[in-house]
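Residue-level structural notes
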Amino acid sequence: MSDDTPVLLLVEDDEAFARTLRRSFERRGYVVHSAASLDAARALLATVTPTHAVVDLKLGQESGLAVVRHLHEHDPELLIVVLTGFASIATAVEAIKLGASNYLVKPSNTDDIEAAFNGEATAEAAELPLTARPTS
């Protein structure tokens, strides 16, 4: 492994989805470490220095926002993408405030996540219509 090999910390409690993402990122040259909880992520950080992280917003009874906070405190330069099936403006704003670099709604694929790491909008996001709803 060279020094410029990206290291991904995947914090996801859905084993099948985590396995799929792991394989996809490994095919793209990432070294992937998985955790299913905040405690497991903390334990991994004792031995692993990730460059990227993907965090599920809902980890069983835990909030992925606590993971985002911990990861950002551990390394403010870490690129963190939050994935969720329970999207809301409030959680998106909070995730960004806590240190996430982006917030994606599931289902998201590896292309979407890599674009988010790079600060790029996906093709789908660029096509979203803007509503004409006035502010209150």
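This text gives an overview of the structure that appears in the document. Keep in mind it's a predicted model, so treat the numbers as computed, not measured.

Counting residues in each nonpolar core, the largest one holds 25 residues, and the members touching the most others are Leu9, Val11, Leu71 and Ile80. Leave out the neighbours within four places in its chain, and Val11 touches Ala35, Ser37, Ala41, Val54, Val55, Asp56, Leu59 and Val67. In this structure, Leu21, Val54, Val81 and Leu83 belong to the second largest nonpolar core, which totals 14 residues.

All right, on to helix α4 (residues 89–98) then. If you check which residues of α4 are buried, you get Ala92, Ala95 and Leu98. One side of α4 holds all its buried residues, which, seen down the axis, span an arc of 135°. Summarising the geometry of α4, the exposed residues directed more than 90 degrees from the buried face are Ile89, Ala90 and Lys97. Buried residues along α4 sit against α3 (64–74), β6 (79–84) and β7 (102–105). Residue Gly99 follows α4 closely and has a positive phi angle near 125°.

A few words on helix α2 (residues 38–45). Of all the positions in α2, only Leu38, Ala41, Leu44 and Leu45 are classed as buried. All buried residues of α2 fall inside an arc of 125° around its axis, so they share one side. Residues of α2 that are exposed and angled more than 90 degrees away from the buried face: Asp39 and Ala43. Buried-residue contacts for α2 involve β1 (7–11), β2 (31–35), β5 (62–63) and α3.

Here the focus is the pattern of salt bridges. The final tally for this structure, using the stated rule, is six salt bridges. Measuring nitrogen to oxygen at the nearest pair gives 3.1 Å for the salt bridge that ties Glu26 to Arg22. Remark: Arg22 and Glu26 occur in helix α1 (residues 15–27); sequence separation between them is four residues, near one turn of the helix. By relative accessible area, Glu26 is classed as partly exposed at 39%. In this structure, the salt-bridge partner of Arg28 is Glu114, at a minimum N-O distance of 2.6 Å. Taken as a pair, Arg28 in the loop between α1 and β2 and Glu114 in helix α5 (residues 110–117) lie far apart in primary sequence, 86 residues in all.

Rules behind the numbers
Residues numbered from 1 in each chain as written. Predicted model: local features only at pLDDT ≥ 70, side-chain atom pairs only at ≥ 80, totals over all residues. Heavy atoms only, no water. Core = buried A, V, L, I, M, F, W, Y, C linked by side-chain atoms within 4.5 Å. Buried < 20%, exposed > 50% of the residue type's maximum accessible area, 1.4 Å probe, protein only. Contact = heavy atoms within 4.5 Å. Helix = DSSP H or I, 4+ residues; strand = E, 2+ residues; numbered from the N terminus. Arc of directions from axis to C-beta. Salt bridge = Lys/Arg side-chain N within 4 Å of Asp/Glu carboxyl O.

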